[in-house]
Amino acid sequence: MNTKPAIEIRLLSDPMYLAGARELVQGLTHRLGFRQDESGRIALAVDEALANVINHGYNRQCDRPIWMSIWSEADDGIPGLRIVVEDEAKQIDPDSICGRDLDDVKPGGLGVHIIREVMDSVVYEHREKVGMRLIMTKALTPKPSTTREHANG
């Protein structure tokens, strides 16, 4: 895998910037060859990850840093995507990060479930000194070929 990301951005923890991050991810994934519906789901997973940092990591403070780095390979040269989201929020036990019970029907609280459902690999870890890191990968699945049968005539 290329050690340097293709894209690195720093954004403030203001929900106003979530739409721009979604659009970036959706446009990039589509150009990398993901189907339109997959691109939308990947963008949603990234949106949920960023929203979780804002809401839970930073307690809705709008002036804290979030970094997002994107590689155009899932892992070890496999075509796809690797996205890393980092913050300076309070470190928590990565094993404690889970969505609410799906039997508890109410709005919200599904971000972690969405992220894990959409992405192939999801790893939460501590950054070296402060904050958390979320590493998400998604392999590119080949699009089904559309063959047309030609009538002889």
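Rules behind the numbers
- Residues numbered from 1 in each chain as written.
- Predicted model: local features only at pLDDT ≥ 70, side-chain atom pairs only at ≥ 80, totals over all residues.
- Heavy atoms only, no water.
- Patch = residues over 30% accessible without salt bridge, like charges linked within 9 Å, V, L, I, M, F, W, Y side chains within 5 Å.
- Areas by Shrake-Rupley, 256 points an atom, 1.4 Å probe, with all protein chains shown as cover.
- Salt bridge = Lys/Arg side-chain N within 4 Å of Asp/Glu carboxyl O.
- Helix = DSSP H or I, 4+ residues; strand = E, 2+ residues; numbered from the N terminus.
- Buried < 20%, exposed > 50% of the residue type's maximum accessible area, 1.4 Å probe, protein only.
- Expected span 1.5 Å × (residues − 1).
- Pairing = 2+ DSSP bridges.
- Axes fitted to C-alpha atoms, helices over the stretch in contact; angles between N-to-C directions.
- Contact = heavy atoms within 4.5 Å.

Draft legend 1. Spotlight on a nonpolar patch on the surface. A surface patch of nonpolar side chains, about 280 Å² in accessible area, is lined by L12, M16 and Y17. Turning to its location among the elements, Y17 is positioned in the loop between β1 (7-12) and α1 (18-32). With relative accessibility at 36%, the residue Y17 sits in the partly exposed group.

Draft legend 2. Just helix α2 (residues 36-57), in detail. If you check α2, its first and last C-alpha atoms are 31 Å apart, about what 22 residues at 1.5 Å a residue would give, namely 32 Å. At the C-terminal side of α2, N59 shows a positive phi close to 45 degrees.

Draft legend 3. The arrangement of the pairing of strand β2 (residues 65-73) in detail. Pairing between β1 and β2: six bridges, direction antiparallel. For L11, the partnering residue across the bridge sits in β2 and is I66. Linking β2 back to strand β3 (residues 79-87) in an antiparallel pair, the connection comprises five residues, with D76 at a positive phi of about 45 degrees.

Draft legend 4. Up close: the sheet that holds β1. Overall, antiparallel pairing links the five strands, which are arranged β1-β2-β3-β5-β4 in an open sheet. Pairing within the sheet leaves two strands with one partner each, and these edge strands are β1 and β4 (121-126). Within this sheet the neighbouring strands show an average axis-to-axis angle of 15 degrees, counted without direction. Here β4 runs beside strand β5 (residues 132-139); their pairing, made up of six bridges, is antiparallel. Of the residues in β5, the one forming a bridge with H126 is M132. Docked against the sheet, α1 engages β1, β2 and β3, running at close to 5 degrees with respect to β2. Contacting β2, β3 and β5, α2 runs over the sheet at an angle of about 15 degrees to β3.

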